[in-house]
Amino acid sequence: MTTHCALLIIDVQLVMFDEADPVYQGERLLQKIQVLIARAREAGHSIIYIQHCEGPDSPLERGTQGWDIHPSIAPIAGDLVIEKETPDSFHKTDLHLKLQDNGVKELVLTGMQTEVCVDTTCRRAYSLGYTVNLVQDAHSTWNSKTLQAEQIIAHHNTVLRLFANVVDMENAL
């Protein structure tokens, strides 16, 4: 699908929704991503899933149940899935090439983990010259030892304004 805009869904995989250690407002996040996917499809934008991979015996080991993209937002025929092994969705992947091949110049970012993969991908996309739109209410993380997830998200929405248009759901896509 050729379009100037793509929705990038970062690391929304089953293990992230483990009841023993659930991501902050996980069900709400899934609902918001479902809306973004519907809007992107309606507008004819590309939808790209980023899928984090780790080594053997990891919860994100390729091919395991935890590694799977969450079924409530699963890709369909025509969607692109890019596997990555680092927080940067562009590093050692063909994401940039695929975006260039399809004439994509603008990215809408959603997913997790706010302070790791969302942050790194946002900054890298900016450095590669993309117009980046971070959906401020559609990315999530976990509490850390020093900050609550809500604080981490708010902080990154402020900091990432240097690299992205930080927009709410109503103004995304």
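Refer to the structure presented above.
The text that follows walks through the structure, step by step, so that each part is easy to find. Please read these numbers as outputs of a predicted model, since none were measured by experiment.

Definitions and cut-offs
Residues numbered from 1 in each chain as written. Predicted model: local features only at pLDDT ≥ 70, side-chain atom pairs only at ≥ 80, totals over all residues. Heavy atoms only, no water. Buried < 20%, exposed > 50% of the residue type's maximum accessible area, 1.4 Å probe, protein only. Helix = DSSP H or I, 4+ residues; strand = E, 2+ residues; numbered from the N terminus. Pairing = 2+ DSSP bridges. Right-handed = clockwise from strand over helix to strand, strands pointing away. Phe/Tyr/Trp six-rings, centres within 6.5 Å; stacked < 30°, edge-to-face > 60°. Salt bridge = Lys/Arg side-chain N within 4 Å of Asp/Glu carboxyl O.

## Digging into the pairing of strand β2 (residues 46-52)
In terms of burial, β2 is largely enclosed, as seven of its seven residues are buried. Burial along β2 is two-sided: the residues S46, I48, I50 and H52 and I47, Y49 and Q51 are all buried. Here strand β1 (residues 5-10) pairs with β2 via five bridges, running parallel. Paired with A6 across the strands is S46, a residue of β2. The parallel pair β1 and β2 is bridged by helix α1 (residues 26-43), and the resulting crossover is right-handed. In this sheet, strand β3 (residues 80-84) lies alongside β2 in parallel orientation, the contact comprising five bridges. Residue I50 lies in a different strand from β3, and its bridge partner there is I82.

## Comments concerning the packing of aromatic side chains
By the definition in use, this model includes two aromatic pairs. Considering the side-chain rings of F90 and Y130, the 6.0 Å spacing of their centres and the 25 degrees angle between planes classify their relative orientation as stacked. Of the two residues, F90 is situated in the loop between β3 and α2 (95-101) and Y130 in the loop between α3 (114-127) and β5 (131-140); the sequence distance between them amounts to 40 residues. Just as F90 is buried, Y130 falls in that class too. Centre to centre, the rings of Y126 and F163 are 5.5 Å apart; their planes meet at 80 degrees, and the pair counts as edge-to-face. In this pair, Y126 is assigned in helix α3 and F163 in the loop between α4 (149-159) and β6 (165-167), connecting sequence segments 37 residues apart. On the basis of relative accessible area, Y126 is assigned to the partly exposed category, the value being 43%.

## Observations regarding the pairing of β1
Among the six residues that make up β1, six are buried, leaving the element largely enclosed by the rest of the structure. A two-sided burial pattern is seen for β1, the buried positions comprising C5, L7 and I9 on one face and A6, L8 and I10 on the other. In the sheet, β1 pairs with strand β4 (residues 106-112) via six bridges, with the strands oriented parallel. In the strand pairing of β4, C5 is matched with E106.

## Observations regarding the pattern of salt bridges
Counted under the stated rule, the structure contains eight salt bridges. Among the ionic pairs, K84 bridges to D11, the shortest N-O distance being 2.9 Å. Here K84, found in strand β3, pairs with D11, found in the loop between β1 and α1; they are 73 residues apart in sequence, far enough to count as distant. Accessibility assignment for this pair places K84 and D11 in one class, buried. We note a salt bridge from R123 to D119, for which the minimum N-O separation is 2.7 Å. Of this pair, R123 and D119 both sit in helix α3, separated by four residues, roughly a single helical turn. Exposure remark for D119: the relative accessible area of 9% places this residue in the buried category. Several salt bridges share partner residues, and in doing so they unite R62, E83 and E85 into one network.

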